[in-house]
Amino acid sequence: MIIAAGGGRRIGGPEALLHQGEKPLVNQMIDTMTEAGCERIVVVLGAAADQVRETADLTRATVVVNRAWGTGVGSSIRAGLSALDDEGIEAVVVVPVDMPGLTTAAVRRVAALPYPDVLVCATYAGLRGYPMLFGRRHWSGIATLASADVGARPYLLAHKDQIVDIACDSVADGSRVDSPELMALYGLTVPPQRVGV
């Protein structure tokens, strides 16, 4: 699941419109997840959803539009989980679109235990971050507790003794692009938005 719904107030435009060169970052994320072996990709859009559909190639993904994206990442997690209606899916890897340093290796590490009762978090310098792996048995609890801009954090805190931490420092950069300085560092741009989108 790729969370790409935010409005990107701090970076000057919706996160899903971030480009690295000519390529939308959401397409790079789809490539990364596919190469890591994820069988189905769900992309959760929100801000500027129509423009994202026009500029990105989302044909390999199931697209969900979160109309309540302005309430925070919690609603996007709920929207993404509700789209995973195939009973054969036992776990989901969750990543935000604004992580240009994410690698296939990091996704593979976190996804190595795709079981219904698992909770896995990547760590960077000992701090938990993305990707995260949520086993199916946790989905209803995560959806119930996911709120505002803290997403799954309340559920993870309540189940911290069950989380498997996987160090990803050596294979990925866990930074999320939340400032103009980081955008410049990664060579990212946000195309101008059209009025009314």
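A few points on the structure. Computed from a prediction, not measured in an experiment: that's the story for all the values here. (Residues numbered from 1 in each chain as written. Predicted model: local features only at pLDDT ≥ 70, side-chain atom pairs only at ≥ 80, totals over all residues. Heavy atoms only, no water.)

## Overview of the side chain of Asp 98
Right, on to step 1. On the secondary structure map, Asp 98 appears in the loop between strand E6 (91-96) and helix H4 (104-110).
Right, on to step 2. With relative accessibility at 4%, the residue Asp 98 sits in the buried group.
Right, on to step 3. At 2.9 Å, the side chain of Asp 98 and the side chain of Arg 176 are in polar contact.
Right, on to step 4. Once you skip the residues sitting within four places of it in the chain, Asp 98 turns out to touch Glu 15, Leu 18, Leu 25, Ser 175, Arg 176 and Val 177. (Helix = DSSP H or I, 4+ residues; strand = E, 2+ residues; numbered from the N terminus. Buried < 20%, exposed > 50% of the residue type's maximum accessible area, 1.4 Å probe, protein only. Polar contact = N/O pair within 3.5 Å; in protein donor to acceptor, adjacent residues only side chain to side chain. Contact = heavy atoms within 4.5 Å.)

## So, the sheet that holds strand E3 (residues 23-24)
Right, on to step 1. Overall, antiparallel pairing links the three strands, which are arranged E3-E2-E10 in an open sheet. Each edge of the open sheet carries a strand with a single partner, namely E3 and strand E10 (188-189). (Pairing = 2+ DSSP bridges.)

## So, unusual backbone geometry
Right, on to step 1. A cis amide bond links Tyr 130 to the next residue, Pro 131, at an omega of 0°.
Right, on to step 2. Non-glycine residue Ala 48 carries a positive phi angle of around 55°.
Right, on to step 3. Its location among the elements puts Ala 48 in the loop between strand E4 (41-45) and helix H2 (49-55).
Right, on to step 4. We classify Ala 48 as buried; its relative accessible area is 11%.
Right, on to step 5. Phi is positive for Ala 125, which is not a glycine, with a value near 55°.
Right, on to step 6. Positionally, Ala 125 belongs in the loop between strand E7 (119-124) and strand E8 (127-135).

## Re helix H1 (residues 25-35)
Right, on to step 1. Where burial is concerned, most of H1 is hidden: eight out of the eleven residues are buried.
Right, on to step 2. Within H1 the residues assigned to the buried category are Leu 25, Val 26, Asn 27, Met 29, Ile 30, Asp 31, Thr 32 and Met 33.
Right, on to step 3. Downstream of H1 by one or two residues, Gly 37 has phi in the positive range, about 100°.

Geometry only, nothing functional implied.
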